[in-house]
Amino acid sequence: MEIGASTSCFYPLETEKALKKITRLGFKTTEVFTNSLCELEDSFALELKHIADDAGTQIVSVHPFSSFLESSCIFGDYKRRFNDFIGIYEKTCHFAALLGANIVVIHGAVTAAKIPIPDERYFERFKILCDIGRREGVTVCQENVNRFKSQSIDFCRKMRSAMGSDFHMVFDIKQTVRAEQDTFAFLEEFKNEIVHLHISDNGANGNCLPPGKGSFDFRKMKDILDSANYSGSYVIEIYSANIDVEAELRESKVFLEKI
C-alpha cells in the first residue's frame with residue numbers, strides 16, 4: 001500500500017504549511033486540497049512542487065475548493081454561468097499538471113438541488129471536465145460523496161454506462177458510511193474504475209476516525225482492490241477538529257503499513 005495524506009487534514013492551515021507538515025511526517029504521497037483562487041496561480045503551484053520535491057514527496061491528486069459551486073455553476077441549467085465558471089476547472093487541471101499530479105477530484109451535484117439536474121446534462125458536463133483534464137494530461141474523477149448524486153451505487157453505475165472509458169472514481173470510505181451505503185458492495189462494483197482512495201476509519205466513536213482508531217476492515221478493502229490490480233494510493237483524509245492531527249497521522253501511517 002502506498003500510504004499518503006491530504007493537506008485537508010490540517011484545514012484551515014494554509015495549504016503550503018499543511019504540505020510542509022505532511023512531508024515532515026515522512027509521507028511520500030500526498031493530495032493537495034486548494035482553498036482559494038489565488039492558490040491556482042502558476043507561482044503557487046511551483047512553490048508547492050518545490051516543497052514536495054525537496055522532501056521526495058509525490059503530489060498525486062488535487063481537490064478543488066470550488067466543489068461547493070458545482071451544483072449551480074457547473075451542472076446547473078444556466079449555461080452562461082457554466083461558461084463563466086468552467087475556467088476554474090481549466091486552471092485547476094493546469095495547476096495539477098504543474099504539480100505532477102494526475103488526478104483531479106470532483107464532487108459534482110447535490111441530490112436535492114432546488115432545480116433538478118437531469119442526469120443527461122450531468123454526464124455531458126462531466127465529459128467536458130474530462131476533456132479539459134485530458135488536454136493537461138490529468139484524469140478528472142468522480143468522488144462518491146454523501147448528499148451528492150454520487151453517493152448512490154445506482155447513480156454511479158448509470159454514470160459509468162453513459163461515460164464509458166471517461167468514468168474514473170475516487171473512493172472515500174467515510175462518505176459511504178455517511179450515506180448509509182454498503183462500503184464493500186461499492187468497492188466491489190467499481191473496483192476496476194477506482195484510481196484513488198480517501199481513507200479513514202469508523203466505528204462507535206464516529207465516521208471519520210484516524211485509521212486504526214475504529215473497526216473498519218482495511219484488509220478486506222485491500223483484498224478487493226488487489227483483485228482488480230489497483231495501483232493507486234491510499235490517502236488519509238481526516239479532519240482536524242479536536243484531535244492532534246500530526247500525532248494521529250503518524251500513528252495511522254504505522255498502522256496502515258502493517259496491512
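Basis of the calculations
Residues numbered from 1 in each chain as written. Predicted model: local features only at pLDDT ≥ 70, side-chain atom pairs only at ≥ 80, totals over all residues. Heavy atoms only, no water. Helix = DSSP H or I, 4+ residues; strand = E, 2+ residues; numbered from the N terminus. Rg over C-alpha atoms; globule rule 2.2 N^0.38 Å. Buried < 20%, exposed > 50% of the residue type's maximum accessible area, 1.4 Å probe, protein only. Contact = heavy atoms within 4.5 Å. Areas by Shrake-Rupley, 256 points an atom, 1.4 Å probe, with all protein chains shown as cover. Polar contact = N/O pair within 3.5 Å; in protein donor to acceptor, adjacent residues only side chain to side chain. 1 Å grid on protein atoms, 1.4 Å probe; cavity = no way out; pocket = protein on both sides within 12 Å on 5 of 7 lines; lining within 4 Å. Points joined across faces, edges and corners; volume = space filled by probe spheres on them. Nonpolar A, V, L, I, M, F, W, Y, C, P; charged D, E, K, R; others polar. Lys, Arg positive; Asp, Glu negative; His and termini not counted. Salt bridge = Lys/Arg side-chain N within 4 Å of Asp/Glu carboxyl O. Pairing = 2+ DSSP bridges. Right-handed = clockwise from strand over helix to strand, strands pointing away. Expected span 1.5 Å × (residues − 1). Arc of directions from axis to C-beta. Phe/Tyr/Trp six-rings, centres within 6.5 Å; stacked < 30°, edge-to-face > 60°. Lys NZ or Arg CZ within 6 Å of the ring centre and 35° of its normal.

A tally of helices and strands in the protein chain yields 10 helices and 10 strands. On C-alpha atoms alone, the protein chain measures out to a radius of gyration of 17 Å, which is about the 18 Å that the 2.2 N^0.38 rule sets for 259 residues. Projecting the C-alpha coordinates of the protein chain onto the three principal axes gives extents of approximately 45 × 40 × 35 Å. The burial tally for the protein chain puts 54% of its 259 residues in the buried class. The long-range fraction of contacts in the protein chain, counting pairs at least 24 apart against all pairs at least 6 apart in sequence, stands at 77%. Within the structure as shown, the protein chain displays about 11,300 Å² of accessible surface, and the carbon and sulfur contribution to it stands at 47%.

The next point concerns the side chain of lysine 174. Within the secondary structure, lysine 174 sits in helix H7 (residues 173-178). Here lysine 174 falls in the buried class, since its relative accessible area comes to 0%. Side chain to side chain, lysine 174 and glutamate 237 meet in a polar contact 2.6 Å long. Sequence-distant contacts of lysine 174, defined by excluding residues within four places in its chain, comprise Ser200, Asn207, Cys208, Glu237 and Tyr239.

Our next topic: empty space enclosed by the protein. This model, assessed by the stated rule, comprises one cavity of 30 Å³ or more. Considering only enclosed or pocket space, the largest cavity measures out at about 30 Å³ in volume. Every residue along the wall of the largest cavity is listed here: Thr7, Ser8, Tyr11, Leu13, Thr15, Ala18, Phe33 and Asn35. Within the lining of the largest cavity, the residues separate by chemical class into four nonpolar, four polar and no charged.

Our focus in this paragraph is the side chain of arginine 125. Within the element layout of this structure, arginine 125 appears in helix H5 (residues 119-136). One buried charged side chain, arginine 125, makes no salt bridge at all; its nearest oppositely charged neighbour is glutamate 124, positioned 5.0 Å away. For arginine 125, the residues in contact, after removing those within four places along its chain, are Ile74, Phe75, Gly76, Lys79 and Phe82.

Below, the discussion takes up the layout of surface pockets. When its volume is computed, the largest pocket comes out at roughly 420 Å³. Lining the largest pocket we find 19 residues, and of these Phe33, His63, His107, Gln175 and Tyr239 sit closest to its centre. Of the voids in this model, the second largest pocket is the one considered here, and its volume is about 180 Å³. In this structure, the second largest pocket is lined by 14 residues; those nearest its centre are Ser71, Ser72, Gly76, Arg81 and Ile115. Each residue belonging to the lining of the second largest pocket can be placed in one class, and the counts come to seven nonpolar, three polar and four charged.

Now for the pairing of strand E5 (residues 139-143). The side chains of a regular strand alternate between the sheet's two faces. For E5, a buried count of four out of five residues is recorded, marking the element as mostly surrounded by other parts of the structure. In this structure, strand E4 (residues 103-106) lies alongside E5, joined through four bridges in parallel fashion. In the strand pairing of E5, valine 104 is matched with valine 140. For the segment spanning E4, H5 and E5, crossover handedness is right-handed.

Our next topic: the environment of isoleucine 194. Along the chain, the position of isoleucine 194 falls in strand E7 (residues 194-199). Excluding residues within four positions of it along the chain, isoleucine 194 makes contact with Met169, Phe171, Leu187, Leu225 and Tyr230.

For an α-helix, the turn length of 3.6 residues means that residues three or four places apart are oriented alike. Given a rise of 1.5 Å per residue, 13 residues ought to cover 18 Å, and the 18 Å separating the end C-alpha atoms of helix H10 (residues 245-257) matches this to within 8%. For H10, the set of buried residues is Val245, Glu248, Leu249, Ser252, Lys253 and Leu256. Taken end-on, H10 shows its buried residues confined to a sector of 135°, consistent with a single buried face. Contacts made by the buried residues of H10 are with strand E1 (3-6), E7, helix H9 (218-226) and strand E10 (234-236).

Applying the stated rule across the entire model yields 13 aromatic pairs. Between tyrosine 122 and phenylalanine 155, the ring centres sit 5.3 Å apart and the planes meet at 85°, which makes this aromatic pair edge-to-face. Of this pair, tyrosine 122 sits in helix H5 while phenylalanine 155 is found in helix H6 (residues 153-163), placing the two residues 33 residues apart along the sequence. When its relative accessible area of 7% is taken as the criterion, phenylalanine 155 is described as buried. Aromatic ring contacts, followed pair by pair, group Phe75, Tyr122, Phe123, Phe126 and Phe155 into a single cluster. Above the plane of the ring of phenylalanine 82 lies arginine 125, whose end atom (NZ or CZ) is 4.5 Å from the centre. Just above the ring of phenylalanine 27 sits the side chain of lysine 253; from NZ or CZ to the centre is 5.8 Å.

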